[in-house]
Amino acid sequence: MAALGRQVCDWHRLVRLPWARIARQTRRGEQQRTSASLLCTPTTASDGGGLEKLSRVESRRYMQEAERGTSLTRCPHEKQRTPLAPGFLEQEKVITSLLDMGFSDVHVNELLRLWPSPHPQQLLDIITELLLLGLNPEPVYVALKKSPQLLKLPLMHVRKRSSCLRKLGLGEGKLKTVLLCCPQILTMHQRDIDSIVGVLKEKCLFTVQQVARILHRCPCVLQEDPGELEYKFQYAYFRMGVKHADVVRTDFLQYSITKIKQRHVFLERLGRYQTPDKKGQTQVPNPLLKDILRVSEAEFLARTACSSAEEFEVFKKLFAREEEEGSESHMPDNKSLSLDEEAEDEEEE
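Residues numbered from 1 in each chain as written. Predicted model: local features only at pLDDT ≥ 70, side-chain atom pairs only at ≥ 80, totals over all residues. Heavy atoms only, no water.

As annotated in an unreviewed UniProt entry, the chain carries the name Transcription termination factor 4, mitochondrial and comes from Callorhinus ursinus. The record held by UniProt for the chain lists under Subunit (unreviewed entry) the comment "Heterodimer with NSUN4; this interaction may be required for NSUN4 recruitment to the mitochondrial large ribosomal subunit." Quoted verbatim from the Subcellular location (unreviewed entry) field of the UniProt record, the comment on the chain reads "Mitochondrion". (UniProt positions renumbered as here; feature names shortened; annotations may be inferred.)

Structure representation (structure tokens):
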């Protein structure tokens, strides 16, 4: 009888073990299904005080924590679970890739908001291509947030445009500055870029290295009208006596023609600026360009013009009226000769 009693106890122990294992598996399966249900678009309950669902990136962490548990023998009931949708798995893959690239949780959520498509592979492809240009995650995020239409570009278009920019001297390090200031450079028509580069090389006679530096330091010139850009350079060269090297060094082309003319003519009428002769000489010492254009209006009036704000405001109104009436042409006849003719005259003298 004693032996029979021990056999019965052993049998009860064997029966109790499978049921305990099944219970633990059931609780773990419910936990994983609950975590998976959180990977959805964040919504808020319509009634006040409702709890918000976790974001895509936060839910991914819960998924990883659930998957770290010890793998157990699948219960027969678990085989009947509904498989995850393909879009869910693709989104999880993109989130993982973006985090591995160095984007923060906040950046990932914002990027997914900019591209609400259920198939975010296009988002990942464009970001990967921008990172290959040498940009860091932060500049990429800023550029895409500033210009979301970049995400709609075909991948081949981005590669061709990158190759074109490299040929203009904008390598990986310089592209970072250009994309932060002017991300539209990737969406512009190629003929518009060629037109601006043609003006700088053929009309203004900048060297290849000078053109590359202008595009790097003043990428906003790519969005200007070619005729207005040429006129701005001619005003600097003929009216102000600024040479090519100074135009490049002082980032002259990034300033508006209105600001340039207002401050230059104001100083000229005060007797504090004089157009240099062909030998580059003046009767009065002209202030430096950085003291004319790179400073605030208050500093310009106090240190450079030595005048009051009221006097400058009156001048700007009168000067605007003169411009409207056409009393001052954009380029006087005696100054409209080409740069080649100017160089020939200097050689003759």
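Some thoughts on empty space enclosed by the protein
Evaluation of the coordinates by the stated rule reveals one cavity of 30 Å³ or more. Reported here for the largest cavity is a volume of approximately 40 Å³. If you list the elements that add at least two residues to the lining of the largest cavity, you get helix H10 (208-217) and helix H12 (244-249). Sort the elements by how many residues they give to the lining of the largest cavity and H10 lands first, with three residues. (1 Å grid on protein atoms, 1.4 Å probe; cavity = no way out; pocket = protein on both sides within 12 Å on 5 of 7 lines; lining within 4 Å. Points joined across faces, edges and corners; volume = space filled by probe spheres on them. Helix = DSSP H or I, 4+ residues; strand = E, 2+ residues; numbered from the N terminus.)

Quick look at the packing of aromatic side chains
Counted according to the given criterion, the structure contains nine aromatic pairs. Judged by centre distance (5.1 Å) and plane angle (45°), the rings of Phe-266 and Phe-315 are tilted. In this pair, Phe-266 sits in helix H13 (residues 257-269) while Phe-315 sits in helix H16 (residues 309-325), placing the two residues 49 residues apart along the sequence. Both residues of the pair, Phe-266 and Phe-315, count as buried. (Phe/Tyr/Trp six-rings, centres within 6.5 Å; stacked < 30°, edge-to-face > 60°. Buried < 20%, exposed > 50% of the residue type's maximum accessible area, 1.4 Å probe, protein only.)

Things to note about unusual backbone geometry
Despite not being glycine, Asp-251 shows a phi value in the positive range, around 55°. Since its relative accessible area comes to 9%, Asp-251 is described here as buried. Located in the positive-phi region is Cys-306, a residue other than glycine, with phi close to 55°. Relative to the helices and strands, Cys-306 is located in the loop between helix H15 (297-305) and H16.

Things to note about the packing of helix H5 (residues 121-132) against helix H6 (residues 137-146)
Relative orientation and spacing of two packed helices are given, respectively, by the angle between their axes and the distance between those axes. The N-to-C vectors of H5 and H6 enclose an angle of 130°; their axes lie 10 Å apart at closest approach. The angle between H5 and H6 places the two elements in the oblique class. Judged by the twist between their axes, the crossing of H5 over H6 is right-handed. Residues Ile-127, Leu-130 and Leu-131 of H5 pack against Pro-137, Val-140 and Leu-144 of H6. Its residues assigned to classes, the contact of H5 with H6 comprises six nonpolar, no polar and no charged. (Axes fitted to C-alpha atoms, helices over the stretch in contact; angles between N-to-C directions. Parallel < 35°, antiparallel > 145°, perpendicular 65-115°, else oblique. Left-handed = near helix turned anticlockwise from the far one by under 90°. Contact = heavy atoms within 4.5 Å. Nonpolar A, V, L, I, M, F, W, Y, C, P; charged D, E, K, R; others polar.)

Description of the nonpolar core
Core analysis: the largest hydrophobic core is formed by 74 residues, its most contacted members being Leu-200, Phe-206, Leu-215, Phe-252 and Phe-300. Top element by residues in this core is helix H11 (residues 226-239). It accounts for seven residues. Beyond its immediate sequence surroundings of up to four residues, Leu-200 is in contact with Leu-205, Phe-206, Val-211, Ile-214, Leu-215, Leu-229 and Leu-253. (Core = buried A, V, L, I, M, F, W, Y, C linked by side-chain atoms within 4.5 Å.)

Overview of the packing of H13 against H15
Contact geometry for H13 and H15: axes closest at 12 Å, N-to-C directions at 25°. Classified by the interaxial angle, the pair formed by H13 and H15 is roughly parallel. Note that H13 runs across H15; the crossing there is right-handed. For the pair H13 and H15, contact is made by Arg-263, Phe-266 and Leu-267 and by Glu-297, Phe-300, Leu-301, Thr-304 and Ala-305, respectively. Taken together, the residues of the contact of H13 with H15 break down into five nonpolar, one polar and two charged.

What to know about H5
The end-to-end C-alpha separation of H5 is 17 Å, in line with the 16 Å expected for 12 residues at 1.5 Å each. Residues Leu-123, Leu-124, Ile-126, Ile-127, Glu-129 and Leu-130 constitute the buried set of H5. Count one or two residues on from H5 and you reach Gly-134, which has phi positive near 105°. (Expected span 1.5 Å × (residues − 1).)

Quick notes on the environment of Leu-222
Residue placement: Leu-222 occurs in the loop between H10 and H11. The sequence separation of Leu-222 and Ser-195 amounts to 27 residues, and the corresponding C-alpha distance is 9.0 Å. Excluding residues that lie within four positions of it along the chain, Leu-222 makes contacts with Ile-185, Met-188, Ile-193, Ile-196 and Leu-215.

What about the pattern of salt bridges?
Applying the stated rule across the entire model yields 13 salt bridges. Note that Lys-232 and Glu-224 form a salt bridge whose closest N and O atoms lie 2.9 Å from each other. Its relative accessible area of 4% is what places Lys-232 among the buried residues. Here Glu-297 and Lys-316 are joined by a salt bridge, their closest N and O atoms 3.4 Å apart. Of the two residues, Glu-297 is situated in helix H15 and Lys-316 in helix H16; the sequence distance between them amounts to 19 residues. Salt bridges linked by common partners bring Glu-110, Arg-113 and Lys-145 together as one network. (Salt bridge = Lys/Arg side-chain N within 4 Å of Asp/Glu carboxyl O.)

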